[in-house]
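# Structural features, examined
Spelled out from the first residue to the last, the chains are:
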Amino acid sequence: MFNFSAIGLLDLLARRLTLAFSTIPDFTDWLVAAMLVLAYTAIALPVGFWSGFLKIDVQTSWPTITGVLIGCLLTPGLSEEVFFRLLILPHPRENVPGLMLWFWGWASLVLFVVYHPLNALTFYPIGRSTFMNPVFLLLAAILGVACSIAYLQSGSIWPAVAVHWLAVTAWLLLLGGYRRLYG
């Protein structure tokens, strides 16, 4: 039974953090993550190119490439996965009932999608036109599903971070995201 006090909540979140960061993904976990990346790619590329949201635009500046590779690992990769997956979704070891898992899965996904336009309206106005674009929001939702599956399947934060990081860095460095955000 969950303790609905602030101490109980902090204890639950501390356990989730500890479990998610200390669980080492095995071969199957990485295989599932790779399959999720392939599935996401198979959806995102046709939708993105058909809509004009994605364009081949390869970044060649080494400072830009290095900055994106490192920066995207921390945010959005690690920071968003900790918040939207690890802190919201029950860890697999919690053995929550399926209906409760679906509830938290939907809550996490809705918050993840809504976060992007809210972020553009508040802290990241340069991303306003991108983060409010319906195609971006659709692709973000699909990415959120893939990251949730990676986390829930493995019990580790690392496959979800890898999926998120790979999708965002590919978009920024290869598919027009950098120019879309920074001109």
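You'll find the structure just up there.
All of these numbers come straight from a predicted model, not from anything done at the bench.

## Brief notes about the overall build of the protein
Within the protein one finds eight helices and zero strands. Going from N to C terminus, the protein has its helices and strands arranged as α-α-α-α-α-α-α-α. A globule of 183 residues ought to have a C-alpha radius of gyration of about 16 Å, and the protein, at 17 Å, matches this closely. Seen through its principal axes, the protein has C-alpha atoms that stretch 50 × 40 × 30 Å. Long-range pairs, those at least 24 residues apart, make up 76% of the contacts in the protein with a sequence separation of at least 6. Carbon and sulfur atoms provide 77% of the accessible area of the protein, an area that totals close to 10100 Å². Positive and negative charge centroids in the protein, built from 8 and 7 side chains respectively, lie 10 Å apart.

## Some points on the packing of helix α3 (residues 62-86) against helix α6 (residues 134-154)
The N-to-C vectors of α3 and α6 enclose an angle of 75°; their axes lie 10 Å apart at closest approach. Accordingly, the angle class assigned to the pair α3 and α6 is roughly perpendicular. Facing α3, whose interface residues are Glu-81, Arg-85 and Leu-86, α6 presents Gly-144, Cys-147, Ser-148 and Tyr-151. By residue class, the composition of the contact of α3 with α6 is three nonpolar, two polar and two charged.

Cut-off values and rules
Residues numbered from 1 in each chain as written. Predicted model: local features only at pLDDT ≥ 70, side-chain atom pairs only at ≥ 80, totals over all residues. Heavy atoms only, no water. Helix = DSSP H or I, 4+ residues; strand = E, 2+ residues; numbered from the N terminus. Rg over C-alpha atoms; globule rule 2.2 N^0.38 Å. Contact = heavy atoms within 4.5 Å. Areas by Shrake-Rupley, 256 points an atom, 1.4 Å probe, with all protein chains shown as cover. Lys, Arg positive; Asp, Glu negative; His and termini not counted. Charge placed at Lys NZ, Arg CZ, Asp CG, Glu CD. Axes fitted to C-alpha atoms, helices over the stretch in contact; angles between N-to-C directions. Parallel < 35°, antiparallel > 145°, perpendicular 65-115°, else oblique. Nonpolar A, V, L, I, M, F, W, Y, C, P; charged D, E, K, R; others polar.

Everything listed is a geometric property; what it means functionally is a separate question.
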